[in-house]
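# Coordinate analysis (summary)
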Amino acid sequence: MAVEGLQKEPQSILVTGGAGFIGTHTVLQLLKEGFRVSVIDNLDNSVEEAVDRVREIAGPELSRNLTFFLGDLRNKEDLEKIFSQTRFDAVIHFAGLKAVGESVAKPMLYYNNNLIGTLNLYEFMTKYGCKKMVFSSSATVYGQPEKIPCVEDFQLKAMNPYGRTKLFLEEIAQDVQKADQEWRIILLRYFNPIGAHESGRIGEDPKGIPNNLMPYIQQVAVGRLPVLNVYGHDYPTKDGSAIRDYIHVMDLADGHIAALRKLFTTEDIGCTAYNLGTGSGTSVLEMVAAFEKASGKKIPFKLCPRRPGDATAVYASTEKAHKELGWRAKYGTEEMCRDQWNWASNNPWGYRPPPQS
Ligand code: NAD
Ligand code: UD1
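Here we summarise the structure given alongside this text.

The rules behind these values
Residues numbered from 1 in each chain as written. Chains lettered and ligands numbered in written order. Predicted model: local features only at pLDDT ≥ 70, side-chain atom pairs only at ≥ 80, totals over all residues. Heavy atoms only, no water. Helix = DSSP H or I, 4+ residues; strand = E, 2+ residues; numbered from the N terminus. Rg over C-alpha atoms; globule rule 2.2 N^0.38 Å. Contact = heavy atoms within 4.5 Å. Areas by Shrake-Rupley, 256 points an atom, 1.4 Å probe, with all protein chains shown as cover. Pairing = 2+ DSSP bridges. Axes fitted to C-alpha atoms, helices over the stretch in contact; angles between N-to-C directions. Phe/Tyr/Trp six-rings, centres within 6.5 Å; stacked < 30°, edge-to-face > 60°. Lys NZ or Arg CZ within 6 Å of the ring centre and 35° of its normal. Salt bridge = Lys/Arg side-chain N within 4 Å of Asp/Glu carboxyl O. Buried < 20%, exposed > 50% of the residue type's maximum accessible area, 1.4 Å probe, protein only. 1 Å grid on protein atoms, 1.4 Å probe; cavity = no way out; pocket = protein on both sides within 12 Å on 5 of 7 lines; lining within 4 Å. Points joined across faces, edges and corners; volume = space filled by probe spheres on them. Nonpolar A, V, L, I, M, F, W, Y, C, P; charged D, E, K, R; others polar. Near = heavy atom within 4 Å. Polar contact = N/O pair within 3.5 Å; in protein donor to acceptor, adjacent residues only side chain to side chain.

Okay, the overall build of the protein next. Along its length, the protein carries 12 helices and 13 strands. Relative to the globule expectation of 21 Å for 357 residues, the C-alpha radius of gyration of the protein, 20 Å, shows essentially globular dimensions. Principal-axis analysis of the C-alpha atoms places the extent of the protein at approximately 65 × 45 × 40 Å. Summarising the internal contacts of the protein: among those between residues at least 6 apart in sequence, 81% fall at separations of at least 24. Total accessible area on the protein is roughly 16600 Å²; 49% of this is exposed by carbon and sulfur atoms.

See the structure below:
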């Protein structure tokens, strides 16, 4: 029986891949919302410094609620160690590989990491009786949508091995929940996350040449790359370049808090998918112009042929997330570019020191 006057224990969340781009921003918001957070990450695409900076932004008191484990989801011993030490109320599962081109070249690496890692996670969540999960899916599961905006009940399609891991993992989640109704699973389909925390202390730090538009623009702005290749200028859009739904990473982080609250309060949530996007589309050339305005930097660009596999226009229907999660994106492209530039200008080499010349 609860004794009046006693503080309720904070809920404890395991965040896989919590040292990564979306993970760090979400962990920060979780701490601010009073959750206790354990991160497991193998630092394959991140550095521990990112977690230290989350601690720095959160301050010493909230940071006491954050623990970091260096571990790999493919390694069951790592999972045993973390699950046997802490009782988790829910898991937010970010850990995975995400580069589309690399997934085409190394499909087995993607199937191994993304699928095996997630199957192991289900095994240990089941073993330790934690049956609530928020899973990072992607707008990639809509393939090249025939209609826009993308609505959650559209037929899904994978375009490459990375997309296929997301599609399979969505289907696996449905099967796991169908077989055992104690599970509550929310699949979040992110559109194009960009921007950074307003402090400029955490942000996206891709290894090698970036594949995605905004990290590429950012590296042109700080002089690491000479020119942006704009892929496609003959799309049937107002300026000929392709349209996407860019969403501020802090909005995305808040979407995870809304999803967690939904999991905790909705017994019959089952396994449900929600889009996390703004609902409005912006072209590549509009993003270039918005970034130039926010940074005061000229971004030289070259008009190039279309990138194979790219869709003309992709943006989200946001109705379901708004109605059922009570969540809606707050920020527009101006704030996204402002915060992206704040991160870039303060950390031109990301979390790494500048190379010695
Ligand atoms: P990220 O690479 O920055 O973060 C993923 C983290 O997972 C990294 O820190 C990496 O080291 C870790 N990781 C990978 N495999 C692991 C394993 N086997 N064990 C432990 N840790 C492991 O990527 P992100 O942009 O933060 O994306 C997070 C999730 O969201 C991914 O699942 C990604 O597919 C999905 N997603 C991202 C985007 C995007 O544009 N960033 C869009 C849609 C979906
Ligand atoms: C890509 C992935 C998608 C993944 C998402 C987030 C593909 C086909 N899709 O989406 O599966 O979930 O990233 O990681 O790779 N662009 C340029 N120049 C560049 C880079 C991009 O013009 O240097 C254009 C692209 O052609 C596209 C737009 O910018 O029209 C956005 O590209 P990107 O940031 O890579 O995201 P998506 O292609 O939407």
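Still to come is the rest of the account.
Let's shift gears to the sheet that holds strand β5 (residues 132-138). Ordered in space as β3-β2-β1-β4-β5-β6-β11, the 7 strands form an open sheet in which the pairing is parallel. Of all strands in the sheet, those with a lone pairing partner are β3 (66-70) and β11 (271-276), marking the two edges. The mean angle between the axes of side-by-side strands here comes to 20 degrees, regardless of whether they run parallel or antiparallel. Bridge count for strand β4 (residues 90-93) against β5 is 3 bridges, and the pairing is parallel. When the bridges of β5 are listed, I92 appears paired with V134. Strand contacts of helix α9 (residues 249-265): β1 (12-16), β4, β5, β6 (184-190) and β11, with the helix running at about 160 degrees to β6, the strand carrying the most contacts.

Summed over the entire model, instances satisfying the criterion amount to 9 aromatic pairs. The interplanar angle of 70 degrees and the centroid separation of 5.3 Å between the aromatic rings of Y122 and W183 together place this pair among those described as edge-to-face. Of this pair, Y122 sits in helix α6 (residues 107-127) while W183 sits in the loop between α7 (161-179) and β6, placing them 61 residues apart in sequence. Aromatic rings pair up to connect F83, F88, F124 and Y128 into one cluster. We note R306 situated over the ring of Y235; from NZ or CZ to the ring centre the distance is 4.1 Å.

Inspection of the entire model under this criterion finds 21 salt bridges. Here K298 ties to E292 by a salt bridge, and the two come within 3.3 Å at their closest N and O atoms. Where D310 meets R307, a salt bridge forms, and the shortest distance between an N and an O atom there is 3.2 Å. The partly exposed category is assigned to R307, whose relative accessible area is 36%.

With that settled, the discussion passes to empty space enclosed by the protein. As enumerated under the stated definition, the model contains 1 cavity of 30 Å³ or more in all. Reported here for the largest cavity is a volume of approximately 50 Å³. As for the largest cavity, its lining consists of E204, D205, P206, P215, Q218, Q219, R224, N347, W349 and G350. In the lining of the largest cavity, the residues fall into 3 nonpolar, 4 polar and 3 charged.

A word on the site of ligand 2. Every one of the 19 residues lining ligand 2 counts as a neighbour, but L213, N229, R244, R307 and D310 are closest to it. A distance of 2.9 Å separates an oxygen atom of ligand 2 from a polar side-chain atom of N192. Protein contacts shield 88% of the accessible area of ligand 2, which totals 740 Å² for the unbound molecule. Secondary structure elements with two or more residues in the shell around ligand 2: α8 (213-221) and β8 (228-231). The dominant element in the shell around ligand 2, judged by the number of residues it contributes, is β8, at 4 residues.

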